[in-house]
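Reading the structure
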Amino acid sequence: LDAEAVGQVSTIGRRVSGLPLGIELAAAQMRTLPLREVAARLDDQVTLLETKRGAVPHQRSIVAALDWSYALLDMADRERLRRLGAFPTGRLPAAAVTHVLETEEPTSVLSALVDASLVSPPSTDHEVYSMLEPVRQYAAMRLEESGEAETMRLRYAEWIVKLCDAAQVATLEGDLWAATDMVRSNVPSIAATAAWAADRAFVDIVNGIVAGAGRLWPRFADPALLIAPGLRVINEPAGDEMLRLRALARLAFLHTPLHAREAQSLLERLEGEAAGDMDLLTRHVVYAARASVPYRIQRGADADQATLRSWLELDEQAADAAVAMGYPVEPMLYNRAITLTQAGDLHGERECLERLLAWAAEERPMWRGMALHVLAKRQHLEGQAELGIVSAQEAARLLIDGGDLDFAAEAEYVLAGICAVEERFDEAAEALGRVSDYHRQIGLPPPIEEAPDLVAVVAAGLGHWDEFLIAATSFLQRIVSAQDATMREYLLRGEPGATSHLAQMLSLIHISE
């Protein structure tokens, strides 16, 4: 078997949840279908996986095996199994089961399904049941036959919106760990529900998901999974206008620096539509987006002092709205510190960071990690390179422990930049390797695309001239093709700590050739 075939075999085994019967029936399909097609068609396992050769009747197909188990259930348990087919993945949080099945006792109502091995009990203390994928697809098929599919899936979608709302509240309360866990552990289910709701033009459901989960989403999942359904419904009439505005603000935030034009367009639209009275939550989300999105998409490149002051004023209004709702102001200090850095107010930046670090000292490790990754840049610029490296390393560790891959990658970028300037190129290369790994997991570009200047500097320092030429050429092409002067200036300036100036790059290219 070549590497591609090994990967396809692995995919098949994973998609049939390792069931011996599923593997056997998938292998039987290879008499008439190539391996690649068998792997690709497993979204419909209940009809694909069958054979007429040998075996007793209930072992000739997945459907026959599950029909046999289904027939042994009483009517109430059959209904429960069918309704679990509303879940888009095999992950069944007890809270979601409670909502979909309209019961207060998921343990008792699922006991017969657990005994029949159709549902697996929680293996940890997180109260999450599970279903194998073939069983889930079978339950979904039965649900379609019952005529209840739309009702049950809508009920599940309502629970997903409540989950995203709870994550937003936890973020406002400063419990970033809990908020991250809520969203990260349910990413496939949230994404599938958003796509399903967009297909049916359930506008408030899509907006609720985007508004609730959008702030955290880029940290551990591909932003496109929320951007696509969000954009599909954002022009549709919404039942909740405040919710639509919050979703629009999150859509602007979800766009990455590589999609600056689209993000700027969304932000301009938001600024045009956000006039008039807003409730406190909408005011907080909208003002926070208007304060942070320009920095996020342009990295504050050459913003004038008036613009920076306007960002700070918006940030203060976002903080005021959060405080008025009874939430702490400290989580707002992170963005403020970054903007103060750009404004040259180093005293204000240091004050924000110290206040955030003091607040985060007890049981808020992710906020501490975010503060440390900003502090690391400041320490390096103040000639304390070793302290900066330690802070960046600690920031990355805390953020990885919390599952925040996006900000962990930012901390690794800071570490790579400091190490590159200090000519510790091996350590810089290791940090860039971790960035590449984290970005691959959440669907973001690798360093060679996002920071080719830094990659080129590190490659040159290691004497890897082939890699250097690729990275340097990519960097120069980005400058030439930059769509606006602001982005071009940002590219020429480079990230703090990176020595990527055009003249240096050209001279290094000449040396490498």
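Looking only at helices and strands, one finds 30 helices and two strands in the protein chain. Here the protein chain, with 513 residues, has 52% of them falling under the buried criterion. Put simply, 66% of the contacts in the protein chain that link residues at least 6 apart link residues at least 24 apart. Carbon and sulfur atoms form 52% of the exposed surface of the protein chain, whose accessible area is close to 22,600 Å².

Counting 143 residues, the largest nonpolar core has L81, L84, I190, I209 and W217 as the members making the most contacts within it. In contact with L84, not counting residues within four places along its chain, are L92, V97, L101, L110, L113, V119 and M131. Among the nonpolar cores identified, the runner-up in size contains six residues, and L172, A319, A322 and V329 belong to it.

Working note: α-helix, 3.6 residues per turn, so residues spaced by three or four point in the same direction. With 14 residues, helix α10 (residues 133–146) ought to run about 20 Å at 1.5 Å a step, and its terminal C-alpha atoms sit 20 Å apart, in line with that. Among the residues of α10, E133, P134, V135, R136, Q137, Y138, A139, A140 and L143 are the ones counted as buried.

What follows is about helix α14 (residues 203–213). The buried fraction of α14 amounts to ten of the eleven residues, a majority that puts the element mostly inside the structure. Taken as a whole, α14 has its buried residues at V203, I205, V206, N207, G208, I209, V210, A211, G212 and A213. Among the structural elements, α11 (149–172), α12 (176–184), α13 (187–199), α15 (224–233) and α16 (241–254) are those in contact with the buried residues of α14.

Right, let's talk about the confidence of the model for the protein chain for a bit. Within the protein chain, residue pLDDT values average 82, and 79% of them lie at 70 or more. Element-level mean pLDDT values for the protein chain span from 46 in helix α4 (residues 45–48) up to 97 in α13. With pLDDT under 50 throughout, residues 54–60 is counted as low confidence; its partners more than four residues away or in other chains account for eleven contacts. Under a pLDDT of 50 for its full length, residues 483–488 has, in the predicted model, nine contacts with residues more than four places off or in other chains.

Further remarks concern the pattern of salt bridges. As enumerated under the stated definition, the model contains 26 salt bridges in all. Note that E102 is salt-bridged to R155, the shortest N-O span being 3.5 Å. Residue E102 is found in the loop between α7 (94–101) and α8 (106–109), and its partner R155 is found in helix α11; the two are separated by 53 residues along the sequence. A residue is classified by how much of its surface remains accessible, and R155, at 14% relative accessible area, is buried. Notably, a salt bridge pairs E271 with R290, separated by 3.8 Å at the nearest N-O pair. Of this pair, E271 sits in helix α17 (residues 260–273) while R290 sits in helix α18 (residues 280–298), and the two are 19 residues apart along the sequence. Residues joined by salt bridges that share partners form a network here, namely E241, R244, R269 and E273.

Here we take up the packing of aromatic side chains. Enumeration according to the criterion identifies seven aromatic pairs in this entry. Seen from their ring centres, W465 and F468 are 5.6 Å apart, and the 85° between their planes marks the pair as edge-to-face. Here W465 pairs with F468, and both are found in helix α28 (residues 465–481), just three residues apart, close to one helical turn. One aromatic cluster in this structure is built from F87, Y156 and W159. Over the ring of W359 we find R364, and its NZ or CZ is 4.1 Å from the ring centre.

Moving on, we get to the side chain of H380. Following the sequence through the fold, H380 ends up in helix α22 (residues 365–381). We classify H380 as buried; its relative accessible area is 13%. In this structure H380 touches A385, I418, V421 and E422, once residues within four positions along its chain are discounted.

Here the focus is unusual backbone geometry. Residue S117 is not a glycine yet carries a positive backbone phi of 60°. In this fold, S117 is placed in the loop between α9 (111–115) and β2 (128–130). Non-glycine residue A201 carries a positive phi angle of around 55°. In this fold, A201 is placed in the loop between α13 and α14. What makes A201 partly exposed here is its relative accessible area of 45%.

With that settled, the discussion passes to the environment of E241. Mapped onto the elements of the fold, E241 is located in helix α16. The class of E241 is partly exposed, set by a relative accessible area of 37%. Remark: the alpha-carbon pair of E241 and D204, spanning 37 residues in sequence, is separated by 9.2 Å.

A few words on the packing of α11 against α12. Close contact between α11 and α12 brings their axes to 7 Å; oriented N to C, the two are set at 160°. Between α11 and α12, the crossing angle belongs to the class labelled roughly antiparallel. The element α11 and its partner α12 pack so that their crossing is left-handed. Of the residues in α12, those in contact with L163, A166, A167, A170 and T171 of α11 are L176, A179, M182 and V183. Taken together, the residues of the contact of α11 with α12 break down into eight nonpolar, one polar and no charged.

Axis separation between α13 and α15 bottoms out at 9 Å; the angle between their running directions is 20°. Viewed along their axes, α13 and α15 adopt a mutual orientation that is roughly parallel. Regarding α13 and α15, the two cross each other, and that crossing is left-handed. The residues of α15 that touch α13, namely those facing I190, A191, A194, A195, A198 and D199, are L225, L226, P229, R232 and V233. Residues of the contact of α13 with α15, tallied by class, amount to nine nonpolar, no polar and two charged.

Criteria and thresholds
- Residues numbered from 1 in each chain as written.
- Predicted model: local features only at pLDDT ≥ 70, side-chain atom pairs only at ≥ 80, totals over all residues.
- Heavy atoms only, no water.
- Helix = DSSP H or I, 4+ residues; strand = E, 2+ residues; numbered from the N terminus.
- Buried < 20%, exposed > 50% of the residue type's maximum accessible area, 1.4 Å probe, protein only.
- Contact = heavy atoms within 4.5 Å.
- Areas by Shrake-Rupley, 256 points an atom, 1.4 Å probe, with all protein chains shown as cover.
- Core = buried A, V, L, I, M, F, W, Y, C linked by side-chain atoms within 4.5 Å.
- Expected span 1.5 Å × (residues − 1).
- pLDDT = per-residue confidence, 0-100.
- Salt bridge = Lys/Arg side-chain N within 4 Å of Asp/Glu carboxyl O.
- Phe/Tyr/Trp six-rings, centres within 6.5 Å; stacked < 30°, edge-to-face > 60°.
- Lys NZ or Arg CZ within 6 Å of the ring centre and 35° of its normal.
- Axes fitted to C-alpha atoms, helices over the stretch in contact; angles between N-to-C directions.
- Parallel < 35°, antiparallel > 145°, perpendicular 65-115°, else oblique.
- Left-handed = near helix turned anticlockwise from the far one by under 90°.
- Nonpolar A, V, L, I, M, F, W, Y, C, P; charged D, E, K, R; others polar.

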